[in-house]
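So you can see what is in the structure, the chains are spelled out below.
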Amino acid sequence: MPRTRTPVVTGWFAGEGDDFTLLGTRCSACASVFFPREDSHCRNPGCDCGDLAEIPLSRRGRVWSYTDGRYRPPSPYVTDPELPWEPYTLIAVELAAERIVVLGQAVPGVTVADLAVGDEVEVVPGVLHEDGETVWTTWHWRPTGVTA
């Protein structure tokens, strides 16, 4: 039986494969860009505009910082207590055009030993969790030149 693919957060990303992108918003008055997206008001304290448009964000950026998660996080994070904990790598990426920093997990298999500040990475579709009915989708950062 096929499982339903469901985004972990609706409206934060769209597409598949080479068309995958994070979705942000841009203020029409001050041109500030936001991720996570903002749909009600400009978060720039010097702007009182509420006219925000959805925009696709840069697919590439540079590693701004990184770390690894070596412990099983508490609820509401979903983990299977019957399986051994697998560490994962978190990357803070400064997007190329927007110059904002977006956090996310690295693709599976990429560790902190594989990264350096300034390395180029790209956003790709990822899976956060799977159960019997649902594949919970998200985004991952992948160093450019890595195809796995």
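In short, a report on the structure.

1. Concerning a nonpolar patch on the surface
1) Next: Where nonpolar side chains cluster on the molecular surface, the patch consists of Val8, Tyr77, Leu128 and Trp136 and spans about 300 Å² of accessible area.
2) Next: With respect to the element layout, Tyr77 can be found in the loop between β6 (60–69) and β7 (88–95).
3) Next: Since its relative accessible area comes to 31%, Tyr77 is described here as partly exposed.

2. Some remarks on the nonpolar core
1) Next: One finds Leu22, Val102, Trp139 and Trp141 to be the most contacted residues of the largest nonpolar core, which totals 22 residues.
2) Next: Secondary structure elements with two or more residues in this core: β7, β8 (101–106), β9 (120–130) and β10 (134–143).
3) Next: One finds Phe34, Cys42, Cys49 and Leu52 within the second-largest nonpolar core, a separate group that totals six residues.

3. Comments concerning the layout of surface pockets
1) Next: Volume-wise, the largest pocket comes out at about 820 Å³.
2) Next: Considering the residues around the largest pocket, the lining is formed by 30 residues, among which Tyr77, Glu86, Tyr88, Gln105 and Leu128 are closest to the centre.
3) Next: The set of elements that each furnish at least two residues to the lining of the largest pocket consists of β7, β8, β9 and β10.
4) Next: With four residues, the top contributor of residues to the lining of the largest pocket is β9.
5) Next: For the lining of the largest pocket, the class distribution of residues is 17 nonpolar, seven polar and six charged.

The rules behind the values
- Residues numbered from 1 in each chain as written.
- Predicted model: local features only at pLDDT ≥ 70, side-chain atom pairs only at ≥ 80, totals over all residues.
- Heavy atoms only, no water.
- Patch = residues over 30% accessible without salt bridge, like charges linked within 9 Å, V, L, I, M, F, W, Y side chains within 5 Å.
- Areas by Shrake-Rupley, 256 points an atom, 1.4 Å probe, with all protein chains shown as cover.
- Salt bridge = Lys/Arg side-chain N within 4 Å of Asp/Glu carboxyl O.
- Helix = DSSP H or I, 4+ residues; strand = E, 2+ residues; numbered from the N terminus.
- Buried < 20%, exposed > 50% of the residue type's maximum accessible area, 1.4 Å probe, protein only.
- Core = buried A, V, L, I, M, F, W, Y, C linked by side-chain atoms within 4.5 Å.
- 1 Å grid on protein atoms, 1.4 Å probe; cavity = no way out; pocket = protein on both sides within 12 Å on 5 of 7 lines; lining within 4 Å.
- Points joined across faces, edges and corners; volume = space filled by probe spheres on them.
- Nonpolar A, V, L, I, M, F, W, Y, C, P; charged D, E, K, R; others polar.

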